[in-house]
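# Coordinate analysis (summary)
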Amino acid sequence: MSERLLHRAAMGLLAALLLSGCSPADDAGKATASAALDTGKVSEGHLSYPAEDFHEQAPGKPGGTLRVSAALDTYSFDIHALSHGNVQWLGRILYDCLVYQDEQGAISPWLAKSWEISADGKTYTFHLRDDVTFSDGSKFNAEAVRINLEHMRAPATKSPLAAAYIAPYLEGKVLDEYTFQATLREPYSPFLDVLAQSWLGMISAQQIQTDPASIAEHPIGSGPFVLERYTRDQGASFVRRAGYHWAPPVVRHQGAAYLERLELSIVPEAMIRYNSLLAGQYDFTLDAPTQNANAIRNDPSLLLRSRIRKGNPVRSLTFNVEQAPFDDVRVRKALAKGIDRDGLAWVTGFGEYQAKSDFLAANSRFYDPAYRDALKYDVEAANRLFDEAGWSARDAEGYRVRDGKRLGATMLMIDSPAYPPSLAVAMQADAKKLGFDLRLRVLPLAQVNDLRYAGDFQAMLGGYWHTNTPDGLYILYHSASIATPKLIGQNSSRLRDGELDDVLARARRSTDPAEQQQLYSTAQRRLTELVPAVPSYESQLTIAYHNYVKGVVFDTSHNTPFFTSAWLDKEQP
């Protein structure tokens, strides 16, 4: 690990008062963490948000420019080629989807007015709106849908996400100009759910066919805003699209967006994002620094919203189960139980993040809270498991040894704000207390990805995969999701388990909610037994904005802001 990263990590730990252990020493962190649920309601382990959070309450005032800051650039607007988290909100600015989830997570209309599903679950017939156009003037129609689905799965697109989500899609047929039929290889119950996500929005078919390379920096969508300017690592300007009138009905917004312009600036430094928001340089930040959360809450001119995303929680550590020592499940489980999740949540979230030790977000459909403590922090149990695995002896430095070999592994990591070095150092300290030598290796993202897809690593720092369906468990842990030369697979742990594969495959074929609940519960139990990774805290988005920003509602799939209904209740400077 570089000296610069170690210094940053040490300072992060010091700032969080973690020198004597990962967790905060008093109950202040717990009190703050409860506020991080925003207006969410927790009942019997399940988390939900009120329906009014997801739709416009009253008409807003047109005009004005919203100045927004975000931490990271996506470097492309080709949503089909990305897995970047920013697409969750960015995609809604430029693009529309075929369908939308309602406040309870059921599928509702958007560009598709209605649809039918065949009795065998393999054929979906979509009836499309006939009044939608892309910003280049071309029509949105059945042929546009067909071209978009082909673009998502085309090898040239190199899609790490959209292609995986529509993997069961076999072919599409244009029945007439506004009727499209999709045929699947097998029944796939999450098909409509994934079509509601931002990564699967509709791009101009004309652009896909004539100049697909231009999508990255000059995208053409049917959404409420049009890209005016983009400068890499600096930001982008979006202007309201005149004539837009097809927002999803669930949002209850009529006509064009209220905002005349949206100015997005990329501001990687957390303190600069906070101070510039405080000073009024920005109206809104999509990445509110968690270390400033209490200050934002106590400022009467600002609002803080902290929202948990559906799908998979953040993983602090992903094991390669094909590489020693993590080919032994006892070693994986011991390390998982020996890592202080409350501490990790504090290191990264300063009391805002919800610690997690199971494999599905608490607001996901079919979440089963029965297994939330199966991998809870338990140092005694961790040491016992290491002993049972044959690593009971210790060397002079306190590390476990067997046959003259020290127990340890190298963890790959990148220098990224999403996974701060302090997180790795905290885990390294926890592992050392258990007698496990966790070594840190910092590499460029491209090199880490090469090693990851080749399976040439022992462990990796972090892991984040948001989705609006529990089928995210299939994407991350089914053996069919292991990367190959032809597949950008997301099963980085390279887990192959017959029981898990069976229940996850059956769950995506089932349309019976009771059966799906049973299958997904079994999958959640099985994952706590197999421990392919260490879930650490819920995947959360923390935003902040001035109280003159009105009409902020949240996207039903991603729990991120939906800017079509946002407006400004003040005169612009």
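Residues numbered from 1 in each chain as written. Predicted model: local features only at pLDDT ≥ 70, side-chain atom pairs only at ≥ 80, totals over all residues. Heavy atoms only, no water.

## What about the overall build of the protein?
Worth spelling out the cut-off: Strands are runs of DSSP state E lasting at least two residues, helices are runs of H or I lasting at least four, and both sets are numbered from the N terminus onward. Radius of gyration: C-alpha atoms only; globule rule: 2.2 Å multiplied by the number of residues to the exponent 0.38. Categorising residues by exposure relies on relative accessible area from a 1.4 Å probe, with only protein chains included: less than 20% of the type maximum marks a residue as buried, more than 50% marks it as exposed, and the intermediate range marks it as partly exposed. By the convention used here, residues are in contact when the closest approach between their heavy atoms is within 4.5 Å.
Of the regular secondary structure elements, the protein holds 17 helices and 27 strands. Over its C-alpha atoms the protein spans a radius of gyration of 24 Å, differing by no more than 12% from the 25 Å that the globule rule assigns to 573 residues. Principal axes of the C-alpha set define a box for the protein whose edges measure 75 × 55 × 45 Å. Per-residue burial over the protein gives 60% buried out of 573 residues. Across the protein, every contact between residues at least 6 apart in sequence was considered, and the portion connecting residues at least 24 apart equals 72%.

## A short note on the sheet that holds strand 20 (residues 437–442)
Under the convention used in this document: Pairing between two strands requires that DSSP report at least two bridges joining them. Structural elements are reduced to axes, namely lines fitted to C-alpha atoms, with helices fitted over the stretch in contact, and the angle between N-to-C directions of any two is expressed from 0 to 180 degrees.
Taking strand neighbours across the sheet as the criterion, the five strands line up as 20-19-21-15-22 in an open arrangement whose pairing is mixed. Bordering the open sheet on either side are strand 20 and strand 22 (533–537), each of which pairs with just one other strand. Each strand of the sheet is rotated relative to its neighbour by a mean of 25°, with strand direction disregarded. Looking at chain direction, strand 19 (residues 408–413) and strand 21 (residues 459–461) are connected through two bridges and run parallel. Across the sheet, Met-411 pairs through a bridge with Ala-459, a residue of strand 21.

## Some words on the packing of aromatic side chains
Cut-off, in case you're wondering: For this analysis, a ring pair means two rings from Phe, Tyr or Trp (six-membered ring only for Trp) whose centres lie within 6.5 Å, classed as stacked if their planes differ by under 30 degrees, edge-to-face if by over 60, and tilted for the remaining angles.
Under the definition given, this model contains 18 aromatic pairs. Both rings, one in Phe-77 and one in Tyr-230, keep their centres 5.1 Å apart while their planes meet at 85°; by these two values the pair is edge-to-face. Of the two residues, Phe-77 sits in the loop between strand 3 (65–70) and helix 3 (87–94) while Tyr-230 sits in strand 10 (residues 225–231), which places them 153 residues apart along the sequence. Take Phe-77: its relative accessible area is 4%, and that puts it in the buried class. Judged by centre distance (6.1 Å) and plane angle (75°), the ring pair of Tyr-100 and Phe-562 falls under edge-to-face.

## Considering the confidence of the model for the protein
For clarity, the threshold we go by: Each residue carries a pLDDT score, the predictor's own confidence in it, on a scale running from 0 to 100.
Within the protein, residue pLDDT values average 92, and 92% of them lie at 70 or more. Overall, residues 1–36 carries pLDDT values under 50, and its contacts beyond four positions in sequence, including any with other chains, amount to 55 contacts.

## Focus: the side chain of Thr-560
Mapped onto the secondary structure, Thr-560 falls in the loop between strand 25 (553–554) and strand 26 (561–562). The exposure class of Thr-560 is buried, given its relative accessible area of 0%. Filtering out sequence-adjacent residues up to four positions away, Thr-560 remains in contact with Gln-88, Trp-89, Leu-541, Val-553, Phe-554 and Asp-555.

## Points about the pairing of strand 7 (residues 123–128)
Both strand 6 (residues 112–117) and strand 7 contribute to a ladder of five bridges, which runs antiparallel. Note on strand 7: the bridge partner recorded for Glu-116 is Thr-125. Where strand 6 folds back on strand 7, the antiparallel hairpin that results is connected by five residues, among which Gly-121 adopts a positive phi of roughly 75°. One ladder, built from five bridges, connects strand 7 with strand 9 (residues 179–184); its direction is antiparallel. Its bridge partner being in strand 9, Phe-126 is matched across the sheet by Phe-180.

## Some words on the sheet that holds strand 6
If you walk across this open sheet you meet the four strands as 6-7-9-8, and the pairing is antiparallel. Two strands close off the open sheet at either side, each with one partner strand: strand 6 and strand 8 (169–176). Strand-to-strand twist of the sheet, defined as the mean angle between neighbouring strand axes without regard to direction, takes the value 20°. Packed onto the sheet, helix 4 (residues 142–153) meets strand 7, strand 8 and strand 9 and runs at close to 165° relative to strand 8.

## Describing the pattern of salt bridges
The condition that has to hold: The working definition used for a salt bridge is a side-chain nitrogen of Lys or Arg within 4 Å of a carboxyl oxygen of Asp or Glu.
With the rule as written, the count across this model stands at 30 salt bridges. A salt bridge links Asp-131 to Arg-129, with the shortest nitrogen-to-oxygen separation between them at 2.8 Å. A residue is classified by how much of its surface remains accessible, and Arg-129, at 17% relative accessible area, is buried. Put simply, Asp-437 and Arg-406 hold a salt bridge, and the shortest N to O gap is 3.6 Å. In this pair, Asp-437 is assigned in strand 20 and Arg-406 in strand 18 (residues 405–406), connecting sequence segments 31 residues apart. Its relative accessible area of 13% is what places Asp-437 among the buried residues.

## Description of helix 4
Applicable threshold: Residue count minus one, scaled by 1.5 Å, sets the expected span of a helix. Nitrogen and oxygen atoms within 3.5 Å of one another constitute a polar contact, given that in protein one can donate a hydrogen and the other can accept it, and given that sequence-neighbouring residues count only through two side-chain atoms.
Here helix 4 spans 17 Å end to end across twelve residues, near enough to the 16 Å set by a 1.5 Å rise per residue. When helix 4 is considered as a whole, its buried residues turn out to be Ala-142, Ala-144, Val-145, Ile-147, Asn-148, Leu-149, His-151 and Met-152. Packed against the buried residues of helix 4 are strand 7, helix 5 (162–165), strand 8, strand 9, helix 6 (191–195) and helix 7 (205–210). The N-cap residue of helix 4 is Asn-141: its side-chain oxygen and the backbone nitrogen of Glu-143 are 3.3 Å apart.

## Quick word on unusual backbone geometry
Cis peptide bonds are those with omega within 30 degrees of zero, and the linkage from Ala-324 to Pro-325 qualifies with 0°. With respect to the helices and strands, the residue Pro-325 is situated in the loop between strand 15 (314–319) and helix 10 (329–337). Positive phi is not limited to glycine here, since Glu-44 has a value of about 55°. Mapping Glu-44 onto the fold places it in the loop between strand 1 (41–43) and strand 2 (46–48). Not every positive phi belongs to a glycine, and Asp-233 is a case in point at roughly 65°. With respect to the helices and strands, Asp-233 occurs in the loop between strand 10 and strand 11 (235–240).

## Some words on helix 16 (residues 498–509)
Here helix 16 contains twelve residues, and its C-alpha end-to-end distance of 17 Å stays within 8% of the 16 Å for a straight helix at 1.5 Å per residue. The elements touched by buried residues of helix 16 are helix 15 (472–477) and helix 17 (513–530).

## Thoughts on the side chain of Asp-102
Within the secondary structure layout, Asp-102 lies in the loop between strand 4 (99–101) and strand 5 (107–109). Among the polar contacts made by the side chain of Asp-102, one reaches the main-chain amide nitrogen of Gly-105 at a distance of 3.0 Å.

## Topic: the environment of Ala-429
Looking at where Ala-429 falls in the secondary structure, it is placed in helix 13 (residues 421–434). Take Ala-429: its relative accessible area is 37%, and that puts it in the partly exposed class. Sequence separation between Ala-429 and Ile-339 is 90 residues; the distance between their C-alpha atoms is 9.1 Å.

## Here's the deal with the packing of helix 11 (residues 341–349) against helix 13
Cut-off, in case you're wondering: Any angle between 65 and 115 degrees counts as roughly perpendicular, while under 35 counts as roughly parallel, over 145 as roughly antiparallel, and the rest as oblique. Handedness of each helix crossing follows the sense of rotation of the near helix against the far helix: counterclockwise by less than a right angle gives left-handed, clockwise gives right-handed. All residues other than Ala, Val, Leu, Ile, Met, Phe, Trp, Tyr, Cys, Pro, Asp, Glu, Lys and Arg, Gly among them, are scored as polar; the first ten of these are nonpolar and the last four charged.
Put simply, helix 11 and helix 13 touch, their axes get as near as 9 Å, and they point 160° apart. Relative to helix 13, the element helix 11 lies roughly antiparallel. In this structure, helix 11 meets helix 13 at a crossing whose hand is right-handed. Along its contact with helix 11, which presents Leu-344, Val-347 and Thr-348, the element helix 13 presents Ser-422, Leu-423, Ala-426 and Met-427. Residue composition of the contact of helix 11 with helix 13, grouped by class: five nonpolar, two polar and no charged.

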